[in-house]
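Structural features, examined
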Amino acid sequence: MRAHYGYKDGSGEYFIVLDTDQCNACKECIIACPAGVFEIIVDDYDEEVAAVVEEHRNKLKYSCAPCKPTSGYNELPCVKACIPVAISHSW
Amino acid sequence: MISAGIDLGAKTTKVVILADNKIVSQCLELTGIDQAQTAEKALSNALEKANLSRDAVNFIVATGVGRNAVSFANKEISDVAADARGIIYLLPDARTVIDIGAEEGRAIKCFADGRVQDFAINEKCAAGAGTFVETMARALEVDVEEFGKMSLRSTNTIAMNAQCTVFAESEVVSLVHAKTAKEDISKAIHDAIASRIISMVRRVGVEEKIAVIGGVAKNPGFIDSLKRGLEINEILIPDEPEFTGALGAALTKA
């Protein structure tokens, strides 16, 4: 399952996509994210997977901003930390 | 085996009672402020309709934005899982589900067994949700039901530029003052809502057949805009689209 957490508003689309088939709930993203955007949940099919914390889902543009300076960035800490390559950002 | 599904939504609470996976009763109530009380009331009304006592219910599953408030539920599942489960029961050919509730729009791609393949939820903006439709109908001073039908009688295509509900309302007022036909404004509004939903559907990927559920599925103007936007001829709609989530919850037994 690919879970798209986030929103679209007048300024753009801000979604973090988590591929739950790849995710092994290793918690590396939780350790890597300075904003505390991730958590491990038990999903509807009783599997442990990473998800975006509810309070961040409607403000991802701002939560993720420190890792995305306007002058450009190379690698996001969460994407880099995720060994099974389950995390991607839409913006 | 009797199971109950309670979908505690932002605006309305839906209950579906199943006896051996057959629908025996359903009930819809306005959610109001006290969610726990509404859940209790909706469940007892549905049980009364089916002539069942509370003790006869073997399993209760809660879903919807207020699912945590249903303290007597045996299990909680997300809206997305409930929608997928419910739609496959009603319309087994559906693979992409668009659920438009009062405050959220969801796009779900599901497998033939009712499991979720991909999903996206717009967690923030009301511009692609049911409350937007109601707000715009109010701005045009027409009944919500008439508002949807009006769109089909439009002869001109005009564009709505505002992304936000608040700005869209003032844009509608300007169009009214410019003597634009209400039918054309209605179509422009439905096109704008549909375009927001479509961008979300494209995120998860379009796979036919497409079904629309939630209260807004009853709006023919919106369905027409959605068909034009997605360039498809067929959209499936269950008979009572607003109960799909509650049905899916009731089907999700332990």
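Residues numbered from 1 in each chain as written. Chains lettered and ligands numbered in written order. Predicted model: local features only at pLDDT ≥ 70, side-chain atom pairs only at ≥ 80, totals over all residues. Heavy atoms only, no water.

Let us look at the overall build of chain B. What chain B contains, in helices and strands, is eight helices and ten strands. For a compact globule of 254 residues, the expected C-alpha radius of gyration is about 18 Å, and chain B comes in at 19 Å, within 12% of that figure. Along the longest, intermediate and shortest principal axes, the C-alpha atoms of chain B span 60 × 35 × 30 Å. Looking at the 254 residues of chain B, the share that counts as buried comes to 57%. Considering only intrachain contacts with a sequence separation of at least 6, the fraction spanning at least 24 residues in chain B is 64%. Looking at chain B as shown, the accessible area adds up to about 10800 Å², and 48% of this sits on carbon and sulfur atoms. Of the side-chain charges in chain B, 28 are positive and 35 negative, and the distance between the mean point of each set is 2 Å. (Helix = DSSP H or I, 4+ residues; strand = E, 2+ residues; numbered from the N terminus. Rg over C-alpha atoms; globule rule 2.2 N^0.38 Å. Buried < 20%, exposed > 50% of the residue type's maximum accessible area, 1.4 Å probe, protein only. Contact = heavy atoms within 4.5 Å. Areas by Shrake-Rupley, 256 points an atom, 1.4 Å probe, with all protein chains shown as cover. Lys, Arg positive; Asp, Glu negative; His and termini not counted. Charge placed at Lys NZ, Arg CZ, Asp CG, Glu CD.)

Here the focus is the nonpolar core. Residue and element names in this part refer to chain B. Judged by nonpolar contacts, the single largest core of 42 residues is most densely connected at I98, I189, I197, F222 and L226. For this core, the leading source of residues is helix α6 (residues 182-204), giving eleven residues. With residues up to four places along the chain from it excluded, the contact list for L226 reads I98, A194, I197, I198, V212 and I235. (Core = buried A, V, L, I, M, F, W, Y, C linked by side-chain atoms within 4.5 Å.)

All names here are of chain B. Taken domain by domain, chain B comprises domain 1 (1-91 + 239-254) and domain 2 (93-237). Counting from both sides, the interface comprises 15 residues of domain 1 and, opposite them, 27 residues of domain 2. Summed over both partners, the interface of domain 1 with domain 2 buries about 1600 Å², with 70% contributed by carbon and sulfur atoms. Our enumeration of links across domain 1 and domain 2 arrives at three salt bridges. E242 is the partner of K218 in a salt bridge, and the nearest nitrogen-oxygen pair spans 2.7 Å. The element that contributes the greatest number of residues to the side of domain 1 that touches domain 2 is helix α2 (residues 79-90), accounting for eight residues. Looking at the side of domain 1 that touches domain 2, its residues break down into eight nonpolar, one polar and six charged. (Domains from an automatic or database assignment. Buried area = accessible area lost by both parts, 1.4 Å probe. Salt bridge = Lys/Arg side-chain N within 4 Å of Asp/Glu carboxyl O. Nonpolar A, V, L, I, M, F, W, Y, C, P; charged D, E, K, R; others polar.)

Taken together, eight strands build an open sheet; the order of strands is β5(A)-β2(A)-β1(A)-β8(B)-β7(B)-β6(B)-β9(B)-β10(B) and the sheet is mixed. Either end of the sheet is taken by a strand with one partner, and the two such strands are β5 (87-89) of chain A together with β10 (235-236) of chain B. Relative to the sheet, α2(B) contacts β6 (96-100), β7 (105-110), β8 (116-122) and β9 (210-213) of chain B, its axis offset from that of β7(B) by approximately 55 degrees. Lying on the sheet, helix α7 (residues 220-230) of chain B is in contact with β6, β9 and β10 of chain B; it crosses β9(B) at an angle near 150 degrees. (Pairing = 2+ DSSP bridges. Axes fitted to C-alpha atoms, helices over the stretch in contact; angles between N-to-C directions.)

Let us look at the pairing of strand β2 (residues 12-19) of chain B. Within β2(B), seven of the eight residues are buried, which leaves it mostly tucked inside the rest of the structure. Connecting strand β1 (residues 2-8) of chain B to the next strand, β2(B), in antiparallel fashion are three residues.

Attention shifts here to the environment of B:E242. Residues and elements named next belong to chain B. Residue placement: E242 occurs in the loop between β10 and α8 (244-251). Each C-alpha atom, one on E242 and one on I213, is 6.2 Å from the other, the two residues being 29 residues apart in sequence. At 2.7 Å, the side chain of E242 forms a polar contact with the side chain of K218. (Polar contact = N/O pair within 3.5 Å; in protein donor to acceptor, adjacent residues only side chain to side chain.)

Averaged over every residue, the pLDDT of chain B is 92; the share at 70 or more is 99%. The complex prediction reports pTM at 0.91, with the ipTM value standing at 0.88. (pLDDT = per-residue confidence, 0-100.)

This paragraph deals with the sheet that holds strand β4 (residues 59-63) of chain B. All names here are of chain B. The five strands lie next to each other as β3-β2-β1-β4-β5, forming an open sheet whose pairing is mixed. Here the strands that pair on one side only, and so sit at the sheet edges, are β3 (22-30) and β5 (75-76). Note: β4 against β5, two bridges, orientation parallel. Note on β5: the bridge partner recorded for V61 is K75.

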